[in-house]
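So the chains spell out like this:
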Amino acid sequence: MSSDEAYSSFLDQANQDTGVGKTSTQSSSATAKAIDTDVPASLQKIEQYYQSEADEPFEPVSLSWDGNNMPSENEFKELLAHKSEVSTLTTQDFDPKGHYKEVLEAVEKAGDGRARVFRVHHGSTRAEYYVVGLDKKGKKVVGLKARAVES
């Protein structure tokens, strides 16, 4: 019977999670900071998905910002504390068919009436889209973001 116990002990040890060589389907670099201040309630109510190969939900964004204007691409990159490439899109380029009208309108209402779209690149097939506006009174950039897989 001791050989059965020894074998059982061996199997238990072999099946333990050691954490070594752990891989994840989503790397830590595939997402950037999105919240460091209060999120407007109107943005928390949005239940819409960004259509890509992943169909991810839009999530609230609220980042402290002392500037009087929307951040530039480099300033937004610093705001996110991220090293990936950041580019901007027009709202028309982001939503040519009007699928995200509710998202754009919610961001415009939460901010200063204008929405800007930043694309944070995460390699050749992954990205995050930040649809944001400027809340001058609250000294923050607010909006929604979604992850996308684009191959």
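Since this is a predicted model, take the numbers as computed values, not measurements.

### Comments concerning the packing of aromatic side chains
Throughout the structure, instances matching the rule amount to nine aromatic pairs. Ring geometry for Phe94 versus Tyr100: centroids 5.3 Å apart, planes at 35 degrees, classification tilted. Taken individually, Phe94 and Tyr100 each receive the classification buried, so the pair is uniform in this respect. Between the aromatic rings of Phe94 and Tyr129, the centroid separation amounts to 5.7 Å while the plane-to-plane angle is 50 degrees, which identifies the pairing as tilted. In this pair, Phe94 is assigned in helix H4 (residues 91-94) and Tyr129 in strand E6 (residues 126-135), connecting sequence segments 35 residues apart. Look at Tyr129 and you get buried, because its relative accessible area is 6%. Pairwise contacts between aromatic rings join Tyr50, Phe58, Phe94, Tyr100 and Tyr129 into one cluster.

### Concerning helix H5 (residues 101-110)
Residues Val103, Leu104, Ala106, Val107 and Ala110 constitute the buried set of H5. Down the axis of H5, the buried side of the element spans an arc of 165 degrees, and every buried residue falls inside it. More than 90 degrees from the buried face of H5, the exposed residues found are Lys101 and Lys109.

### Describing the sheet that holds strand E5 (residues 116-122)
If you trace the five strands from one edge of the open sheet to the other, you get E3-E7-E6-E5-E4, paired in antiparallel fashion. Since the sheet does not close on itself, it has two edges, and those belong to strand E3 (59-64) and strand E4 (86-89), each with one partner. Between one strand and the next, the sheet's axes are offset by a mean angle of 30 degrees, whatever the strand orientation. Running at roughly 125 degrees to E4, helix H3 (residues 73-80) makes contact with E3, E4, E5, E6 and strand E7 (140-149) of the sheet. H5 rests against E6 and E7 of the sheet, and its axis sits at about 35 degrees to E6.

### So, the confidence of the model for the protein
With 80% of its residues at a pLDDT of 70 or more, the protein has an overall mean of 85. Counting interchain partners and residues more than four positions distant, the pLDDT-below-50 stretch residues 19-30 has nine contacts.

### Overview of the pattern of salt bridges
If you walk through the whole model with that rule in mind, you get six salt bridges. Put simply, Arg147 and Glu56 hold a salt bridge, and the shortest N to O gap is 3.6 Å. Highlighted residues: Arg147 in strand E7 and Glu56 in strand E2 (residues 56-57), separated in sequence by 91 residues. When its relative accessible area of 24% is taken as the criterion, Glu56 is described as partly exposed. When salt bridges that share partners are traced, they join Glu56, Glu59 and Arg147 into one network.

### A look at the side chain of His122
Note that His122 resides in strand E5. Only 3.0 Å separates the side chain of His122 from the side chain of Glu128, close enough to count as a polar contact.

### Some details on unusual backbone geometry
Here the phi dihedral of Asp55 falls at roughly 45 degrees; this positive angle occurs in a residue that is not glycine. Considering the arrangement of structural elements, one finds Asp55 in the loop between strand E1 (49-50) and E2. The partly exposed category is assigned to Asp55, whose relative accessible area is 42%. The backbone of Ala81 sits at a positive phi, close to 55 degrees, despite the residue not being glycine. Looking at where Ala81 falls in the secondary structure, it is placed in the loop between H3 and E4. Take Ala81: its relative accessible area is 62%, and that puts it in the exposed class.

Analysis parameters
Residues numbered from 1 in each chain as written. Predicted model: local features only at pLDDT ≥ 70, side-chain atom pairs only at ≥ 80, totals over all residues. Heavy atoms only, no water. Phe/Tyr/Trp six-rings, centres within 6.5 Å; stacked < 30°, edge-to-face > 60°. Buried < 20%, exposed > 50% of the residue type's maximum accessible area, 1.4 Å probe, protein only. Helix = DSSP H or I, 4+ residues; strand = E, 2+ residues; numbered from the N terminus. Arc of directions from axis to C-beta. Pairing = 2+ DSSP bridges. Axes fitted to C-alpha atoms, helices over the stretch in contact; angles between N-to-C directions. Contact = heavy atoms within 4.5 Å. pLDDT = per-residue confidence, 0-100. Salt bridge = Lys/Arg side-chain N within 4 Å of Asp/Glu carboxyl O. Polar contact = N/O pair within 3.5 Å; in protein donor to acceptor, adjacent residues only side chain to side chain.

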